[in-house]
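Coordinates in review
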Amino acid sequence: MREAAAAEKLPADGVAIPAHVAIIMDGNGRWAAARGLPRIAGHRAGAQAVRRTIEAAIRQNVGWLTLYAFSSENWRRPLPEVIDLTGLLRHYVRSEVAELHESGVRMRFIGDRSRFDADLQADLRAAERKTEGNTKLNLIVALSYGSRAEIAAAARRLAEEARAGRLDPASITEDNFGGGLDTIGIPDPDLILRTSGEQRLSNFLLWQGAYAELLFLDVLWPDFGQAHFAEALAEFARRERRFGARPG
Ligand code: FPP
């Protein structure tokens, strides 16, 4: 799709807009390989796509945007790539937070941040604190995130509470279990989209995405832009959502 043609398109009145869009940003490596460039060049171009996507989400009045930037499995990549990726994240958080704050973006990070260097952890905390009063867009960045580990950690905490006699196991429900996840206070995603043509969830928001619409786009993440975001919202609006119930 041509960027310029659809970039200005906003949803018509009455069209369903997803409150929460979550994105698996895939294809940076293939984008770089196709150009004979190192993988880090793909990740840098991916960071530009992140900027465009945040702008698009603000323009389209999407309240919550979650980006899968670093999975718990990504630690298994070759060390130079892990160093490049964490360096890029550090640079991004330091250089973008002022502008994101100006734009009214609230930043939150989910995942096991204890695995990152102390200086990056401090930057993440500082970005969260600086932007915590903002309401224009809630930006959640999943870092060192894996859904199964998140669910297992929540179960472990509940088991410890029960063993200490502070919790009756019978009182555990779907609602209060969800409150033990990293995403406490964040609405479930309405739309999960993945770029690069792969059709997998790769351990991303498995609990939270139980009723999400899934959309797999045949575009590499660094090429993703406002037009693709608008197209994803248009596809969402076309789908009828029933939450398992029969149509009335
Ligand atoms: C998947 O592409 C992408 C990642 C593992 C990293 C995502 C990171 C960014 C988009 C850049 C920085 C993010 C922020 C929030 C500043 P891949 O390397 O798996 O691509 P491939 O499947 O084509 O090899």
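As a reminder, the structure under discussion sits directly above these lines.
Our subject in this report is the structure included herewith. Values in this document were obtained by computation on a predicted structure and should not be read as measured data. (Residues numbered from 1 in each chain as written. Predicted model: local features only at pLDDT ≥ 70, side-chain atom pairs only at ≥ 80, totals over all residues. Heavy atoms only, no water.)

So, the side chain of Asn28
Inclusion rule: Here a strand is any run of E in DSSP of at least two residues, a helix any run of H or I of at least four, and the numbering for each starts at the N terminus. Between buried and exposed lies partly exposed: a residue is buried under 20% and exposed over 50% of the maximum accessible area for its type, with that area taken using a 1.4 Å probe on protein chains only. Pairs of N or O atoms within 3.5 Å make up the polar contacts considered here, provided that, within protein, one atom can donate a hydrogen while the other can accept it, and that residues adjacent in sequence are counted only when both atoms are side-chain atoms. Any two residues whose heavy atoms approach within 4.5 Å at even a single point are treated as in contact.
Turning to its location among the elements, Asn28 is positioned in helix H2 (residues 28-34). Exposure remark for Asn28: the relative accessible area of 12% places this residue in the buried category. Within the structure, Asn28 has its side chain in polar contact with the side chain of His43 (distance 3.0 Å). When residues no more than four places from it in sequence are discounted, the contact partners of Asn28 are Gly42, His43, Gly46, Trp221 and Pro222.

Concerning the site of the ligand
How we decide: Near residues are defined by distance, with any heavy atom within 4 Å of the molecule or strand qualifying the residue. Per-residue accessibility takes into account occlusion by the displayed protein chains alone, with areas from the Shrake-Rupley method and a 1.4 Å probe. Put simply, Ala, Val, Leu, Ile, Met, Phe, Trp, Tyr, Cys and Pro go in the nonpolar bin, Asp, Glu, Lys and Arg in the charged bin, and everything else, Gly too, in the polar bin.
In the vicinity of the ligand, 18 residues are found, and the nearest of them are Asp26, Gly29, Arg30, Arg39 and Arg77. At a separation of 2.7 Å, an oxygen atom of the ligand approaches a polar side-chain atom of Arg30. Residue Arg39 places a side-chain N or O atom 2.8 Å away from an oxygen atom belonging to the ligand. Starting from 630 Å² of accessible surface for the ligand in isolation, the protein chains cover 91%. When contributions to the shell around the ligand are tallied by element, the ones reaching two or more residues are H2, helix H3 (39-59) and helix H4 (79-102). Along the lines of polarity and charge, the residues of the shell around the ligand split into eight nonpolar, six polar and four charged.

Examining the pairing of strand S4 (residues 137-145)
Here is the rule: Pairing between two strands is assigned when DSSP locates at least 2 bridges connecting them.
Most of S4 is tucked away, with nine of its nine residues classed as buried. Looking at chain direction, strand S2 (residues 64-71) and S4 are connected through seven bridges and run parallel. Counted as the bridge partner of Phe70 is Leu143 from S4. Here six bridges tie strand S3 (residues 105-110) to S4, and the two strands are oriented parallel to one another. Paired with Val105 across the strands is Leu137, a residue of S4.

Considering unusual backbone geometry
Of note, Ser202 is a non-glycine position whose phi angle comes to about 45°, a positive value. By the secondary structure assignment, Ser202 is in the loop between strand S5 (191-194) and strand S6 (213-216). We classify Ser202 as partly exposed; its relative accessible area is 33%. Even without glycine at this site, Leu205 takes up a positive phi of about 45°.

As for the pairing of strand S1 (residues 20-24)
Counting buried positions over the five residues of S1 gives five, a clear majority of the element. Here five bridges tie S1 to S2, and the two strands are oriented parallel to one another. Its bridge partner lying in S2, His20 is registered against Trp64. Both S1 and S5 contribute to a ladder of four bridges, which runs parallel. What sits directly across from Ile23, in S5, is Leu193.

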